[in-house]
Amino acid sequence: MRAPSRRARTPEEKEVIEHSKYDAVVFDWDGTMMDTTALIVKSIQHAAREMGIPVPSDEVASSIIGLDWRNALRIAVPDLPMERAMEFGEHYQAHYVPNEKRVFLFPGMAELAKELKASGVAVAVATGKSRRGLNRILETTGLTDLFVTTKTADECTPKPHPEMLEEISIETGVDKSRMVMVGDTTHDLFMAKKFGCDGIGMTWGAMRAEELLKAEPVALVKNAEELRRLLGGE
């Protein structure tokens, strides 16, 4: 499917867009847009302690960020019976939600997304969060209207399956050759690889650079300014 013609560009947009590599930029949320990695890890560990099961290490708990809830639990707390997954989730939420207001968007990411949108680029989200969780944080941050579409793990086949990106491509009319996925885990980058679009790894999130390289991203960046230059924002 070829991307349809986009709207005419204003003189103010022309210089930026002519150098843009992509017509659609899809962001992961946790660990990419927002610095939630530590809170997610602590919330998983809190829930494990509350339920009296082995507490996962920081490395194990962070490795599941981006996955759907049940697959995440199978990795982080393999001793947890799946029939008690809802109970575990309640303990997790009891720690996560009250502390969510203490975490912040990574510097420059909201500004970058707004610049891309103003330039005519389709800006979207593909996240392992639930719809309820994503809607809550979008409302809190005031970014609800920034994204042309958002996809969550309870609405699509979870990462690294490419369904989220497939649906975004259909909804935006942007071909995979003109789309990029930006994320901080191999779940994000393998999803991009399976879909056939570019993937860019953010090294400030859940996984180290050497882990991200296993998914063969087109690039790794360490902050919003590096990402902006790579996307052609200058």
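Scroll up a little and you will see the structure.
Given the structure is predicted, the values throughout are model-derived calculations rather than measurements.

Tallied over the full model, the rule gives 16 salt bridges. Taking the shortest distance from any N to any O, the salt bridge between R178 and D23 comes out at 3.1 Å. One end of the pair, R178, is in the loop between α8 (163-172) and β4 (179-183); the other, D23, is in the loop between α1 (11-18) and β1 (24-27), and 155 residues separate them in sequence. Since its relative accessible area comes to 29%, R178 is described here as partly exposed.

A few words now on the pairing of strand β5 (residues 198-202). The buried fraction of β5 is high, at four of five residues. Pairing between β4 and β5: four bridges, direction parallel. Within β5, the residue paired with V182 across the bridge is I200. The pairing of β5 with strand β6 (residues 219-221) spans three bridges and is classified as parallel. Across the sheet, the residue bridging to M202 is V221, located in β6.

Close contact between helix α4 (residues 69-76) and helix α5 (residues 85-99) brings their axes to 11 Å; oriented N to C, the two are set at 90 degrees. Here α4 is positioned roughly perpendicular relative to α5, judged by the angle of their axes. Every residue of α5 that contacts α4 at W69, R70 and L73 is listed here: A85, F88, G89 and Y92. Tallied by class, residues from the contact of α4 with α5 come to five nonpolar, one polar and one charged.

Here the focus is the nonpolar core. Counting residues in hydrophobic clusters, the biggest one holds 53 residues, and the most contacted among them are F27, W29, F88, F147 and L227. Here this core takes seven residues from helix α2 (residues 37-51), the largest share from any one element. Membership of the second largest hydrophobic core comes to 17 residues, among which are L165, M181, M191 and F195.

Within this structure, the stated rule accounts for five aromatic pairs. Taken together, a centroid distance of 6.0 Å and an interplanar angle of 50 degrees make the contact between W69 and F88 tilted. Highlighted residues: W69 in helix α4 and F88 in helix α5, separated in sequence by 19 residues. With a centroid separation of 5.5 Å and 10 degrees between ring planes, the pair formed by Y92 and Y96 is classed as stacked. Of the two residues, Y92 and Y96 are both situated in helix α5; the distance of four residues between them amounts to about one turn of the helix. Taking relative accessible area as the criterion, Y96 reaches 2% and is therefore assigned buried. Among the aromatic residues, those joined into a ring-pair cluster are W69, F88, Y92 and Y96.

Between K159 and P160 the backbone carries a cis peptide bond, its omega angle lying at 10 degrees. Tracing the chain through its elements places P160 in the loop between β3 (149-151) and α8. For E216, which is not glycine, the phi dihedral falls at a positive 55 degrees. Among the structural elements, E216 can be located in the loop between α10 (209-212) and β6. What makes E216 exposed here is its relative accessible area of 55%.

Thresholds applied
- Residues numbered from 1 in each chain as written.
- Predicted model: local features only at pLDDT ≥ 70, side-chain atom pairs only at ≥ 80, totals over all residues.
- Heavy atoms only, no water.
- Salt bridge = Lys/Arg side-chain N within 4 Å of Asp/Glu carboxyl O.
- Helix = DSSP H or I, 4+ residues; strand = E, 2+ residues; numbered from the N terminus.
- Buried < 20%, exposed > 50% of the residue type's maximum accessible area, 1.4 Å probe, protein only.
- Pairing = 2+ DSSP bridges.
- Axes fitted to C-alpha atoms, helices over the stretch in contact; angles between N-to-C directions.
- Parallel < 35°, antiparallel > 145°, perpendicular 65-115°, else oblique.
- Contact = heavy atoms within 4.5 Å.
- Nonpolar A, V, L, I, M, F, W, Y, C, P; charged D, E, K, R; others polar.
- Core = buried A, V, L, I, M, F, W, Y, C linked by side-chain atoms within 4.5 Å.
- Phe/Tyr/Trp six-rings, centres within 6.5 Å; stacked < 30°, edge-to-face > 60°.

Purely geometric numbers; function is a separate question.
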